[in-house]
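Commentary on secondary and tertiary structure
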Amino acid sequence: MSSIGVMVVDDSVVIRRMVASVLDDDPAIDVVGTAANGRIALDKLPQLRPDIIILDVEMPVMDGLDTLRALRKTHPRLPVVMFSTLTERGASATLDALAAGASDYVTKPSHVGTVAASIERVRAELVPKIKALVGATRARTAPAGAAPAPLVAPVRQDRVDVIAIGCSTGGPDALTAIVSGLPADLAVPVVVVQHMPALFTRLFAERLDRSCPLIVREATDGRTLEPGQILVAPGDHHLTLRRQGVEVLAHLTKEPPENYCRPSVDVLFRSVASAYGNGVLACVLTGMGRDGLKGAERIRAVGGRIVIQDQATSVVWGMPGAIAAAGLANDIVPLSRIAETLSNAVGRRLAPHHHVLPASPPEQARVVVGAAHAAPPPATVGGAW
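Bear in mind the structure is a predicted one, so any value in this text is a computation, not a measurement.

Time to look at helix H6 (residues 171-181). By the burial criterion, the buried members of H6 are Gly171, Pro172, Ala174, Leu175, Ile178 and Val179. Across the axial projection of H6, the buried residues extend over an arc of 160°, all falling on one side.

Structure representation (structure tokens):
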């Protein structure tokens, strides 16, 4: 397989050199060019033809957000990772970029002590995302293979008492689409783990609250779960649930990360299974890695139901793909139908069967509740050029 061509765009020459050095150390990655601002980057793009762009958020002449918007007009499928500062302004701009079509983001190292520590953090966070995003792009443009459809397990679930959602790469856009489609009179609480730093999760919860008919809050320790409310796990804390009499309370912990994540979907899912048993309706959306797999096993063991986003509409089919491969998914649904699927599950007694669409290359077979067609792939995946 050919190396991954990366373009680094940042107004700081120090940052450009550091990122380029980190990436060039990886034999699978080749830095094909750099630029000091968005205008220079757009001018260089036709000659460099990168597989992915690392894009600073705040730059003179043309900042990251304006660059991204211009880029999406000509290259709607080219993966872009925003490189932002861990400040309220940087976090807000990054969330704007994700809404405008950025594939993912990485925060610039701060308060890590040494230059070596900064370099190692950039390596640990940026390299896996580059490989996952470009890998997803190349998988979609490769000839269709003979991979079997993912296994789908049947389930009988008579009632739903809580919805638990986990996601990572591509999750902010997916979550926004889903919560916007949930009814204002949703009869159960919703708990969410989206892999994000602390400052980002607060701003993200505020944005979700403005975009949907339900109440969305960043979870706080001891808060009671209530129907029609969505609690988002705060960054750098695990969110767990504890039953106390007839109530279920949110509990935040600083236990060690799981799957290199805090908050972790596995941690949330295990606690949801303990608090609600077979009343759990879990949903795993787009994301790299396998966080959520072990928690999904626990949910299935107590009789809960698991809905996952399909491969065609996922930015990266890591987290949901792992659950599908393990035979734990009860429903595999395109993003455009997930809100409806969750709403229907809450609002009626569930039948033990599901509808399976036949596979059509290059997509995997998927389970769709009441849908004959999948949504088109998101703008940030597919062929880059």
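Quick look at the pairing of strand S3 (residues 52-56) now. Along S3, 5 of the 5 residues are buried, which leaves the element largely enclosed by surrounding structure. Residues Ile52, Ile54 and Asp56 of S3 are buried on one face, and the alternating residues Ile53 and Leu55, pointing to the opposite face, are buried as well. Of the pairings in the sheet, the one linking strand S1 (residues 4-9) to S3 comprises 4 bridges and is parallel in character. Bridge assignment links Val9 to a residue of S3, and that residue is Leu55. As defined by bridge partners, S3 adjoins strand S4 (residues 80-84) across 4 bridges and the pair is classed as parallel.

This part is about the side chain of Ser343. By the secondary structure assignment, Ser343 is in helix H11 (residues 335-347). For Ser343, the residues in contact, after removing those within four places along its chain, are Gly181, Leu182 and Pro183.

Turning to the packing of aromatic side chains, a few remarks are in order. Applying the stated criterion across every chain yields a total of 1 aromatic pair. Both rings, one in Tyr105 and one in Phe200, keep their centres 5.0 Å apart while their planes meet at 5°; by these two values the pair is stacked. Of this pair, Tyr105 sits in strand S5 (residues 104-107) while Phe200 sits in helix H7 (residues 198-211), and the two are 95 residues apart along the sequence. For Tyr105, a relative accessible area of 5% puts it in the buried group. Above the ring of Tyr105, the side-chain terminus of Lys129 is found at 5.2 Å from the ring centroid.

Moving on, we get to the environment of Met288. Residue position: Met288 is located in the loop between strand S12 (280-284) and helix H9 (293-301). Judged by its relative accessible area of 23%, Met288 falls in the partly exposed class. Taking the C-alpha atoms as reference, Met288 lies 5.7 Å from Val316; in sequence the two are 28 residues apart. When residues no more than four places from it in sequence are discounted, the contact partners of Met288 are Pro128, Lys129, Ala132, Ser168, Thr169, Val316, Gly318 and Met319.

Right, let's talk about the sheet that holds strand S14 (residues 331-333) for a bit. If you trace the 7 strands from one edge of the open sheet to the other, you get S8-S9-S7-S6-S12-S13-S14, paired in parallel fashion. Each edge of the sheet is formed by a strand with only one pairing partner; in this case those strands are strand S8 (215-218) and S14. Taken pair by pair, the neighbouring strands of this sheet meet at an average axis angle of 20°, ignoring direction. The strands touched by H7 are strand S7 (190-194), S8 and strand S9 (229-232); relative to S8, the strand with the most contacts, the crossing angle is about 170°.

Cut-offs applied
- Residues numbered from 1 in each chain as written.
- Predicted model: local features only at pLDDT ≥ 70, side-chain atom pairs only at ≥ 80, totals over all residues.
- Heavy atoms only, no water.
- Buried < 20%, exposed > 50% of the residue type's maximum accessible area, 1.4 Å probe, protein only.
- Helix = DSSP H or I, 4+ residues; strand = E, 2+ residues; numbered from the N terminus.
- Arc of directions from axis to C-beta.
- Pairing = 2+ DSSP bridges.
- Contact = heavy atoms within 4.5 Å.
- Phe/Tyr/Trp six-rings, centres within 6.5 Å; stacked < 30°, edge-to-face > 60°.
- Lys NZ or Arg CZ within 6 Å of the ring centre and 35° of its normal.
- Axes fitted to C-alpha atoms, helices over the stretch in contact; angles between N-to-C directions.

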